[in-house]
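Spelled out from the first residue to the last, the chains are:
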Amino acid sequence: AVVSTQSPGELCLSSPSYANGRLPPYSPFEFAIRYEIPAPFSEDHRQPPQEKLPGLDKISEGAVSALDRIVDKVTEKFKLSEEDNRERERTFYELGELVRRHVDPNIRPHWFGSSRNGLVLNTSDMDITLGVSKLGPVDPTHILSELAKHIKLNKLFILDEVILQARVPIVKFRRTDNDLSGDIAVGNMLAIANTRLIKAYTEIDERVPRLGLLVKAVVKVCECADASTGSLSSYAYTMMIIYFLQQMDPPVIPVLQEINRPRDISAYEEEGWDTYFYSDIHQQTSDWPCENTDSVALLALKFFKFYYEEFDYSKNVIAPKQKAHLPCTDKNWFRPINIEDPFNLDHNLGKQVSAKTFDVIKTVFRQAYLRYSVGPVDRTDQSLRYYLDKQYLLDGKKPPVNFICFGCGSRDHYISEQEQIC
């Protein structure tokens, strides 16, 4: 029998972990058995949605007001407290000391990701990358293997998993004295630039992080925010949020990578990519007054509607680096959903998503819109449990399953694509 360690009524936004044979944490909602290999790419996603969502003009002010209150609750419940942040800082320092003492003193750890970009949930993992520029050419797998040995011997940490055959090899760890966990990579300095870019967007308008927390809470409770399961990563959803807010009329935020571009971008090159963006946010907010006055609740409804039935996935790429549409033909990307990384323009953040998983994600967007546009039926429905009801949001669909290529052990593609990629 599977026994949940959660309290009744507690919302689970953590991704399941199967490391070392431990059972994953389950949410109190009904969960589906996760055993299917994701279906290979198909053309099904090119068909228009079967169900047309009700128009925004039919949504009552009461429903919008109720959702705004829920946004406040999500922000309050899942925001990172000062104590949580201190714990993360302590963990970063302790891991840095472990790296310097037992792996190489010339390695410089960097902390990036949601914990640093203003879109962190208190259930989010830590993301750390090891700067190795002083070492010259290195083998990331060797460094991570050495690090994994010492994490395993350290009383402060538990070694969860070592993944050396992914596009970005990582070591997964967690603390022994609490539930804080994280990933450690080598190099990957573009991730630091990505973190700074997202942080800049969250500082332009306070609606950006609030909308981000709500969307993340929705997809995490539905187990649709883990790229290792063939779904989209939390970072990919962040890019979707930024792109959506840029494309609104009037826009909520500008495209920072297009403002005041210098003629010589050599100073901004990182790993061969242009990482320039306009970073003088205090000047930016005065030079670019926002004319969009939508509440976070209304923006959330528009977000779910936009990505369920308005955005043409078969023709365009989600590309937050530019205001103009980016055709799929320009990139030669034809996955069910294509999301261009703002700096590494060869990286499609949606390449691992199958048509089946894409349908699950769109189902969650549809169900969120339908429930949030109606609002609570009675006073008992004004809770996070009602708005983040996993069973309702999935509408009978199964969340993505953890997948792996049996040909090479990589988590970046399906076995059906092995001959093409491996």
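Summary of the structure given here. (Residues numbered from 1 in each chain as written. Predicted model: local features only at pLDDT ≥ 70, side-chain atom pairs only at ≥ 80, totals over all residues. Heavy atoms only, no water.)

## Considering the packing of aromatic side chains
Convention followed: A pair of aromatic rings is counted whenever rings of Phe, Tyr or Trp (Trp by its six-membered ring) have centres within 6.5 Å, and the orientation is called stacked for planes under 30 degrees apart, edge-to-face for over 60 and tilted otherwise. Each residue is assigned to one of three classes by its accessible area relative to the maximum for its type, calculated with a 1.4 Å probe on protein chains only: buried under 20%, partly exposed between the two thresholds, exposed over 50%.
Under the definition given, this model contains 18 aromatic pairs. Ring geometry for Tyr386 and Tyr387: centres 5.4 Å apart, planes at 80 degrees, overall edge-to-face. Judged by relative accessible area, which is 13%, Tyr386 ranks as buried. The exposure class assigned to Tyr387 is buried, which follows from its relative accessible area of 1%.

## Thoughts on the nonpolar core
One recurring pattern in soluble globular proteins is that nonpolar side chains are buried together. The cut-off we apply is this: In plain words, nonpolar cores are sets of buried Ala, Val, Leu, Ile, Met, Phe, Trp, Tyr and Cys residues tied together by side-chain atoms within 4.5 Å. For helices the rule is a DSSP run of H or I covering at least 4 residues; for strands it is a run of E covering at least 2, with both sets numbered from the N terminus onward. Contacts are residue-level and defined by heavy atoms, with any inter-residue pair within 4.5 Å sufficient.
Grouped together as the largest cluster of nonpolar side chains are 83 residues, with contacts concentrated most on Met240, Leu245, Leu256, Phe304, Tyr307 and Phe365. Among the elements of the structure, helix H1 (61–78), helix H5 (190–204), helix H6 (207–221), helix H7 (234–247), helix H9 (296–310), helix H11 (355–374), helix H12 (384–387) and helix H13 (390–394) are those that each provide at least two residues to this core. Those residues within four positions of Phe365 in sequence are excluded, and the remaining contacts are Val219, Tyr237, Met240, Phe303, Phe304, Tyr307 and Tyr308. If you look at the next biggest cluster of nonpolar residues, it comprises 21 residues, including Leu98, Met126, Val132 and Leu180.

## A short note on the pattern of salt bridges
Defined as follows: Just to be clear on terms, a salt bridge is a Lys or Arg side-chain nitrogen sitting within 4 Å of an Asp or Glu carboxyl oxygen.
Summed over all chains, the structure comprises 25 salt bridges. A salt bridge links Asp389 to Arg371, with the shortest nitrogen-to-oxygen separation between them at 3.9 Å. Placement of the pair is Asp389 in the loop between H12 and H13 and Arg371 in helix H11, with a sequence separation of 18 residues. Accessibility classification places Asp389 together with Arg371 in one group, the buried group. Each of Glu87, Arg90, Glu94, Arg175 and Asp177 takes part in salt bridges that share partners, so that together they form one network.

## So, the pairing of strand S4 (residues 170–175)
Rules: Here, a strand pair is defined by DSSP locating no fewer than two bridges between the strands.
Direction of pairing for strand S3 (residues 157–163) relative to S4: antiparallel, over a ladder of six bridges. When the sheet's bridge partners are listed, Leu159 is paired in S4 with Phe173. Where S3 folds back on S4, the antiparallel hairpin that results is connected by six residues. Here four bridges tie S4 to strand S5 (residues 181–186), and the two strands are oriented antiparallel to one another. Counted as the bridge partner of Phe173 is Gly182 from S5. Between the antiparallel neighbours S4 and S5 lie five residues.

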